[in-house]
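Understanding the architecture of this molecule
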Amino acid sequence: MADQQARQNLIEIASSLYQRGYATGSAGNISLLLEDNTILATPTGACLGRLQPKELSKLTLYGEHIGGNKPSKEVKFHLGLYHNNPSCKAVVHLHSLYLTALSCLSDLNYQNAIKPFTPYVVMRMGDVPVIPYYKPGDIQIATELSKLAANHQAFLLANHGAVTIGNSIQDATNNYEELEETAKLIFILKDRKIKYLTEDEIKELRK
């Protein structure tokens, strides 16, 4: 994808996420990997609903800032995901309402925060591990995500929000939207008896 088209795609998706309430204020960041192995990312302090193409940060895969506005301090963990998962072509990190609420619960299974009860998270993302809490921008977030990057498409950051990856910016966004809707269902169903998928049903979906 050409640089200008990639910029436009990123801005349109970021604006759509903002307009639909997945992002608020200047929270969250998105990036995508270009064909020349450079990265476009939303800049620090930027509102996802009001981005301009020339403002997008451009970096090398090693984090060197080569164009646009200053990148978010959280771009470090985006780099960790790109380096450790060859299929990762885009990263979406947001503080959406239900996923952030889920990330604040004290009884999460850190190997998989979402026990499957619908097929869609299983088919799109599989297990959703939890990264322990570190302050935003801490290099430990990148370290922890790098360890898990090769085998996962989605991650919950404790007390912080969520991260999804994909083979395109649209794929990463679709993963995030599916994850947020699943988190919403968790809270809607919280006091009800849930029929979880069986191990056999999960294995069938993972095929």
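Before reading on, note that the structure itself is shown above.
One structure accompanies this document, and this report is about it. (Residues numbered from 1 in each chain as written. Predicted model: local features only at pLDDT ≥ 70, side-chain atom pairs only at ≥ 80, totals over all residues. Heavy atoms only, no water.)

So, the packing of helix α2 (residues 75–84) against helix α5 (residues 139–148)
Two numbers describe how α2 lies on α5: the axes approach to 8 Å, and their chain directions differ by 20 degrees. What the angle tells us is that α2 and α5 run roughly parallel. Regarding α2 and α5, the two cross each other, and that crossing is right-handed. Contacts between α2 and α5 involve K76, F77, G80, L81 and N84 from the first element and I139, I141, A142, L145 and S146 from the second. The class makeup of the residues in the contact of α2 with α5 is six nonpolar, three polar and one charged. (Axes fitted to C-alpha atoms, helices over the stretch in contact; angles between N-to-C directions. Helix = DSSP H or I, 4+ residues; strand = E, 2+ residues; numbered from the N terminus. Parallel < 35°, antiparallel > 145°, perpendicular 65-115°, else oblique. Left-handed = near helix turned anticlockwise from the far one by under 90°. Contact = heavy atoms within 4.5 Å. Nonpolar A, V, L, I, M, F, W, Y, C, P; charged D, E, K, R; others polar.)

Remarks on the packing of aromatic side chains
With the rule as written, the count across this model stands at two aromatic pairs. Consider the rings of Y98 and F187, whose centres lie 6.1 Å apart with planes at 45 degrees: the pair is tilted. Placement of Y98 in helix α3 (residues 97–103) and of F187 in helix α6 (residues 169–188) is noted, with a sequence separation of 89 residues between them. Aromatic side chains F117 and Y196 sit 6.4 Å apart centroid to centroid with 80 degrees between the ring planes, which places their arrangement in the edge-to-face category. One end of the pair, F117, is in the loop between α3 and α4 (119–124); the other, Y196, is in the loop between α6 and α7 (199–206), and 79 residues separate them in sequence. Lying over the aromatic face of Y196, K115 brings its terminal NZ or CZ to 4.3 Å of the ring centre. (Phe/Tyr/Trp six-rings, centres within 6.5 Å; stacked < 30°, edge-to-face > 60°. Lys NZ or Arg CZ within 6 Å of the ring centre and 35° of its normal.)

Considerations on the environment of P136
With respect to the secondary-structure elements, P136 resides in the loop between β6 (130–131) and α5. Its relative accessible area of 39% is what places P136 among the partly exposed residues. Separated by 24 residues in sequence, P136 and H160 have C-alpha atoms that sit 8.0 Å apart. Apart from residues no more than four positions distant in its own chain, P136 is found in contact with K73, E74, I141 and H160. (Buried < 20%, exposed > 50% of the residue type's maximum accessible area, 1.4 Å probe, protein only.)

Considerations on the packing of helix α1 (residues 3–19) against α6
Packing of α1 against α6 brings their axes to within 11 Å, and their N-to-C directions diverge by 15 degrees. In terms of axis orientation, α1 runs roughly parallel to α6. Judged by the sense of rotation from one axis to the other, the crossing of α1 with α6 is right-handed. Facing L10, I13 and L17 of α1, the residues of α6 in contact are I169, Q170, T173 and E177. Looking at side-chain class alone, the contact of α1 with α6 contains four nonpolar, two polar and one charged residues.

Regarding the layout of surface pockets
For the largest pocket, the calculated volume is near 350 Å³. Forming the walls of the largest pocket are 17 residues, and the residues nearest its centre are L102, A113, K115, I186 and Y196. Considered class by class, the residues forming the lining of the largest pocket number eleven nonpolar, two polar and four charged. (1 Å grid on protein atoms, 1.4 Å probe; cavity = no way out; pocket = protein on both sides within 12 Å on 5 of 7 lines; lining within 4 Å. Points joined across faces, edges and corners; volume = space filled by probe spheres on them.)

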